[in-house]
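# Notes for the structure review
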Amino acid sequence: MRWRDAMRTALYGPDGFFVRERPADHFRTSAQSPHFARAIAALAADVDRALGHPSVFDLVDVGAGRGELLYGVLAALPPPLRRRVRPVAVEVSARGDDGVTWRTELPRGLTGLLLATEWLDNVPLDLTRDGSYLDTELMPCGPVDAADAAWIERWWPAGPADIVEVGRSRDEAWADAAGALDAGLALAVDYGHLRDRRPALPTATGFRDGREVPPAFDGSTDITCHVAMDSIAAAGPDQAGGRLLDQRTALHRLGVTAGRPPLALASTDPLGYVRALAEASEIAELTAAGGLGAHWWLAQWSGLDHREVPLLHPHT
Ligand SMILES: C[S@@+](CC[C@H](N)C(=O)[O-])C[C@H]1O[C@@H](n2cnc3c(N)ncnc32)[C@H](O)[C@@H]1O
């Protein structure tokens, strides 16, 4: 079976991994951190200012997992904005209503902030080699169609032996999700790469119980693959391409930085010192150069000039 179809069934079919499992039980993501949520709350306040404080501010998380990020952001928002926020979690295995509206489909006509953290890497995609689609054994299983051939030509220079991870399905998913915003900011956070540094080896892999494992197509593992961030930027709603920056820089701009507490605190307030140390190490994990800090943030504006959202703007 073609890789993309097998990945779709394995993750989202009747016994699919994400239909049954809680992502946080199997891998650690930024969205699970209260410090990350605090940064997103600061960003939401910035977007709200730029929108002129609308009476309803949509806060939508696409691929929300169990809502860890949404609940964290809601807790960190300033009360006047919190009262105007309409929170929506979009998730294949939607939960009950508990102050957050859970949906399997994306609502449209939104004004506010749309989030997609580590969603696009789970959007099923094709693998190809030398003009053929590949199956789950990485064997050829049919010729690449014209649309994917054009994507490969534009985005992934490859020799005949190279495996290409075709990002066109992610481009379409992102264009559709970001297009749900009438006005505001769409933010995708994910691991990925750009055209001049595509990976030499496939990034497609599996995760289970906190460990990287070979991808299994029976629904027993996550299956993920890095994201071509420049191609999703070109597919999104922002004609200027939006802002693409690494997580470390983004979090610094939003006021989340790791600093060791002063040693003197250890004698005056030992408990406070231990707490501050733990906080610093959590932030260090979010901003680590070879880890989560290298994740990409793609911020794209709709119906709004990006200079009106200063926190992520390069010149502030
Ligand atoms: C890697 S998890 C990320 C969870 C959370 N955003 C985080 O960063 O921890 C990806 C999530 O996206 C969800 N997902 C994937 N495609 C989806 C779709 N088309 N609609 C709704 N949810 C989707 C999966 O069910 C899964 O919970």
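Treat the numbers as computed from the prediction; the structure is a model and nothing was measured.

## What about the overall build of the protein chain?
- Helices and strands together make up the secondary structure of the protein chain, namely 11 helices and 16 strands.
- Relative to a compact globule of 316 residues, whose C-alpha radius of gyration would be 20 Å, the protein chain shows 20 Å and is just as compact.
- Among the 316 residues that make up the protein chain, the fraction classed as buried is 51%.
- Pairs at least 24 apart in sequence give 74% of the contacts found in the protein chain among residues at least 6 apart.

## Examining the site of the ligand
- As a matter of local geometry, the ligand sits amid 15 residues, with Thr29, Gly63, Glu91, Thr117 and Asn122 nearest to it.
- Within the side chain of threonine 29, one N or O atom sits 2.6 Å away from an oxygen atom of the ligand.
- One of the backbone N or O atoms of valine 92 is found 3.3 Å from a nitrogen atom in the ligand.
- Taking 590 Å² as the accessible area of the ligand by itself, protein coverage stands at 90%.

## Focus on the pattern of salt bridges
- Applying the stated criterion to the full structure yields 15 salt bridges.
- Ionic pairing is found between aspartate 46 and arginine 49, a salt bridge with its closest N-O pair at 2.8 Å. In this pair, aspartate 46 and arginine 49 are both assigned in helix H3 (residues 34-50), 3 residues apart and thus about one turn of the helix distant.
- On the basis of relative accessible area, aspartate 46 is assigned to the buried category, the value being 2%.
- Within this structure, Arg2, Arg4 and Asp126 form a network of salt bridges that share partners.

## Looking at the sheet that holds strand E5 (residues 126-129)
- If you trace the 4 strands from one edge of the open sheet to the other, you get E7-E6-E5-E8, paired in antiparallel fashion. Among the strands making up the open sheet, the edge pair consists of strand E7 (140-143) and strand E8 (163-166). Between one strand axis and the next, the sheet turns through 40° on average, direction left out of account.

## Quick look at the packing of aromatic side chains
- Per the stated rule, a full pass over the model turns up 5 aromatic pairs.
- Each ring, one from tryptophan 3 and one from phenylalanine 217, has its centre 5.0 Å from the other, and the planes form 85°; the classification is edge-to-face. You can see tryptophan 3 sitting in helix H1 (residues 3-12) and its partner phenylalanine 217 sitting in the loop between strand E12 (211-213) and strand E13 (222-224), a full 214 residues away along the chain.
- Judged by centre distance (5.2 Å) and plane angle (75°), the ring pair of phenylalanine 17 and phenylalanine 18 falls under edge-to-face.
- Look at phenylalanine 17 and you get buried, because its relative accessible area is 0%.
- On the accessibility criterion, phenylalanine 18 (6% relative accessible area) is buried.
- An aromatic cluster of at least three residues, connected via ring pairs, comprises Tyr12, Phe17 and Phe18.

## Comments concerning helix H6 (residues 146-155)
- Every buried residue belonging to H6 is among Asp148, Trp151, Ile152 and Trp155, and all of these are buried. Angular distribution of buried residues about the axis of H6 spans 95°; they occupy a single face of the element. Exposed and facing more than 90 degrees away from the buried side of H6 are Ala146, Glu153 and Arg154.
- Buried positions along H6 lie against E5, strand E6 (132-134), E8, helix H7 (168-178), strand E14 (227-228) and helix H8 (229-235).
- Two or three places before alanine 147, at the start of H6, stands the capping residue aspartate 145, its side-chain oxygen 3.2 Å from that residue's backbone nitrogen.

Thresholds, definitions, all that
Starting from 1, residues in each chain are numbered consecutively following that chain's sequence as written. It should be noted that, the model being predicted, local features are given only for residues of pLDDT at least 70 and side-chain atom pairs only at 80 or more, the latter also being counted only at that level, while totals for whole chains, interfaces and linings use all residues. Hydrogens and waters are ignored; side-chain quantities use all the structure's heavy atoms. Put simply, DSSP H or I for four residues or longer makes a helix, DSSP E for two residues or longer makes a strand, and each gets a number counted from the N terminus. Just to be clear, the radius of gyration here is over C-alpha atoms, and the globule rule we use is 2.2 Å times residues to the power 0.38. Burial classification: accessible surface area is computed with a 1.4 Å probe over protein chains only, and a residue below 20% of its type maximum counts as buried, one above 50% as exposed, and the rest as partly exposed. Contacts are residue-level and defined by heavy atoms, with any inter-residue pair within 4.5 Å sufficient. Near, as used in this document, describes a residue that has one of its heavy atoms within 4 Å of the molecule or strand being considered. Pairs of N or O atoms within 3.5 Å make up the polar contacts considered here, provided that, within protein, one atom can donate a hydrogen while the other can accept it, and that residues adjacent in sequence are counted only when both atoms are side-chain atoms. Under the convention used here, a 1.4 Å probe and the Shrake-Rupley method define accessible areas, while residue burial counts only the protein chains that appear. Salt bridges are identified by distance alone: a Lys or Arg side-chain nitrogen within 4 Å of an Asp or Glu carboxyl oxygen. By definition, two strands form a pair when at least two bridges between them are found by DSSP. Orientation is described by lines fitted to C-alpha atoms, with helices fitted over the stretch in contact, and by angles between N-to-C directions that extend from 0 to 180 degrees. Each aromatic pair joins two rings of Phe, Tyr and Trp (for Trp, the six-membered one) with centres within 6.5 Å, and gets the label stacked for planes under 30 degrees apart, edge-to-face for over 60, and tilted for any other angle. By construction, the arc corresponds to the directions joining the helix axis to the C-beta atoms.

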